[in-house]
Amino acid sequence: MKYKKYISTAFLAFLLLPLLSAKTTPSSKEDFDVSKISFIEEDQQIDLGFDTTEYLPEDFNPYQEEVSIEGINFMEDELIDLGFDTENYLPENFNPYKK
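What you are looking at is a predicted structure, and each value in this text was computed from that prediction instead of being measured.

**Q** Describe in detail a nonpolar patch on the surface, supporting the description with residues and values.
**A** Side chains of F11, L12, F14, L15, L16 and L19 sit close together on the surface and give an oily, nonpolar patch of about 680 Å² of accessible area. Tracing the chain through its elements places F14 in helix α1 (residues 2-20). Note on F14: relative accessible area 61%, which makes it exposed.

This is the structure we're talking about:
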């Protein structure tokens, strides 16, 4: 009986041994002040090689919350001939524009 107690005590001591040697970090008594942080803002200009204003709607404002749908120019694609009838591969009464 004593043998089991010694082994269980030694096992628990072995498990708790790393806690005794753990180092504590010293706590700072000063409060952290955010205003003491200096922030360096870099103004980066990116050159894409073309004028991006040609591809944006008139009076475009990226900081405006809402963008009107009328300001977007939609381009319709031409019909493409795939060389076979696609209706054979679609379900009956298929309508891609139906909500």
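**Q** Could you give me a rundown of the packing of aromatic side chains, with the residues and numbers involved?
**A** Each aromatic ring pair is specified by the distance between its two centres and by the angle formed by the two planes. With the rule as written, the count across this model stands at two aromatic pairs. Note on F50 and Y55: the rings are 5.7 Å apart at their centroids and 90° apart in plane angle, and the pair reads as edge-to-face. F50 sits in the partly exposed class, given a relative accessible area of 47%. Pairing F84 with Y89 gives two aromatic rings, centres 5.7 Å apart and planes at 85°, and the pair type is edge-to-face. Accessibility expressed as a relative area gives 64% for Y89, which makes it exposed.

Calculation rules
- Residues numbered from 1 in each chain as written.
- Predicted model: local features only at pLDDT ≥ 70, side-chain atom pairs only at ≥ 80, totals over all residues.
- Heavy atoms only, no water.
- Patch = residues over 30% accessible without salt bridge, like charges linked within 9 Å, V, L, I, M, F, W, Y side chains within 5 Å.
- Areas by Shrake-Rupley, 256 points an atom, 1.4 Å probe, with all protein chains shown as cover.
- Salt bridge = Lys/Arg side-chain N within 4 Å of Asp/Glu carboxyl O.
- Helix = DSSP H or I, 4+ residues; strand = E, 2+ residues; numbered from the N terminus.
- Buried < 20%, exposed > 50% of the residue type's maximum accessible area, 1.4 Å probe, protein only.
- Phe/Tyr/Trp six-rings, centres within 6.5 Å; stacked < 30°, edge-to-face > 60°.

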